[in-house]
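Structural characterization, general
The residues making up each chain are set out below.
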Amino acid sequence: MKPTSTRPFLLAILFVASLAFVSCKPPPRPSPDTPAVTPSSWADTARTVLSTLAWALPAAHVVTDAILPEPARTVVGRALDGVAGAAERLHAALDAYDARGGDRCAAHAAVGGLHRALVGLARVLADSGIALGTTLERVVD
């Protein structure tokens with residue numbers, strides 16, 4: 001595996017990880033001159049993550065298909081497809097959450113499903129020789 005061939009994949013994962021860190025940090029304390037702003041909800045953050053996954057997962061598919069030999073390529077591809085499926089279910093749950101005025105049960109379950117899929121992907125990546133999988137698992141948790 002060449003270091004330069006993994007660069008796009010690493011950049012995509014680092015971008016997703018940075019979104020998670022940025023969304024988890026507490027907002028800075030505003031100065032008295034700062035106008036009032038309505039903070040974003042957890043659903044807005046979830047939609048940002050979903051929009052990032054919409055382009056990052058296909059990009060990761062292309063990169064891993066190019067750098068991994070069989071059977072690791074197939075295993076990682078299935079894990080990426082699992083994350084995409086979990087993201088679709090979270091998107092549907094967010095739509096239901098908005099339509100029903102805040103049905104947290106479906107959204108909570110879908111977030112848990114996406115979390116498990118991302119942890120599974122991280123473990124598959126690590127088992128397939130992509131060391132970033134170990135770091136990704138820590139970031140997801």
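Keep in mind it's a predicted model, so treat the numbers as computed, not measured.

The helix and strand tally for the protein stands at 5 helices and 0 strands. Across the protein, helices and strands are ordered from the amino to the carboxyl terminus as α-α-α-α-α. Here the protein holds 141 residues, and the buried ones make up 33% of them. Taking contacts inside the protein between residues at least 6 apart in sequence as the whole, the part at least 24 apart equals 67%. Here the protein displays about 8,800 Å² of accessible surface, and carbon together with sulfur accounts for 62% of that area.

What follows deals with the packing of helix H2 (residues 42–67) against helix H3 (residues 72–99). One can describe the packing of H2 onto H3 by two numbers: an axis separation of 10 Å at closest approach and a directional angle of 160 degrees. By the angle between their axes, H2 is roughly antiparallel relative to H3. Here H2 and H3 pass one another in a crossing that is left-handed.

Here we take up the nonpolar core. Within soluble globular proteins, side chains that are nonpolar generally end up buried alongside one another. Residues Val83 and Leu114 are the most contacted members of the largest nonpolar core, which totals 34 residues. Listing elements by their share of this core, those giving two or more residues are H2, H3, helix H4 (104–127) and helix H5 (132–140). The element that contributes the greatest number of residues to this core is H3, accounting for 11 residues. Residues in contact with Val83, not counting those within four places in the same chain, are Leu57, Leu114, Ala117, Leu118 and Leu121.

The next subject is H5. The set of residues buried in H5 consists of Leu132, Gly133, Leu136, Glu137 and Val140. The arc that holds every buried residue of H5, seen down its axis, measures 140 degrees, which confines them to one face.

Another aspect to go through is the side chain of Ser128. Within the secondary structure, Ser128 is located in the loop between H4 and H5. Residue class for Ser128 comes out buried when judged on its relative accessible area of 19%. If we skip the residues at most four places from it in the chain, Ser128 touches Leu68, Ala72 and Val76.

Another aspect to go through is unusual backbone geometry. With an omega of 5 degrees, the peptide bond between Glu70 and Pro71 qualifies as cis. With respect to the helices and strands, Pro71 occurs in the loop between H2 and H3.

Moving on, we come to the pattern of salt bridges. Taken as a whole and assessed by the stated rule, the structure comprises 3 salt bridges. For Arg47, the salt bridge identified is with Asp95, shortest N-O distance 3.3 Å. You can see Arg47 sitting in helix H2 and its partner Asp95 sitting in helix H3, a full 48 residues away along the chain. The partner of Arg73 in a salt bridge is Glu70, with the nearest N and O atoms 3.4 Å apart.

About the thresholds
- Residues numbered from 1 in each chain as written.
- Predicted model: local features only at pLDDT ≥ 70, side-chain atom pairs only at ≥ 80, totals over all residues.
- Heavy atoms only, no water.
- Helix = DSSP H or I, 4+ residues; strand = E, 2+ residues; numbered from the N terminus.
- Buried < 20%, exposed > 50% of the residue type's maximum accessible area, 1.4 Å probe, protein only.
- Contact = heavy atoms within 4.5 Å.
- Areas by Shrake-Rupley, 256 points an atom, 1.4 Å probe, with all protein chains shown as cover.
- Axes fitted to C-alpha atoms, helices over the stretch in contact; angles between N-to-C directions.
- Parallel < 35°, antiparallel > 145°, perpendicular 65-115°, else oblique.
- Left-handed = near helix turned anticlockwise from the far one by under 90°.
- Core = buried A, V, L, I, M, F, W, Y, C linked by side-chain atoms within 4.5 Å.
- Arc of directions from axis to C-beta.
- Salt bridge = Lys/Arg side-chain N within 4 Å of Asp/Glu carboxyl O.

Taken by themselves, the reported measurements are silent on function.
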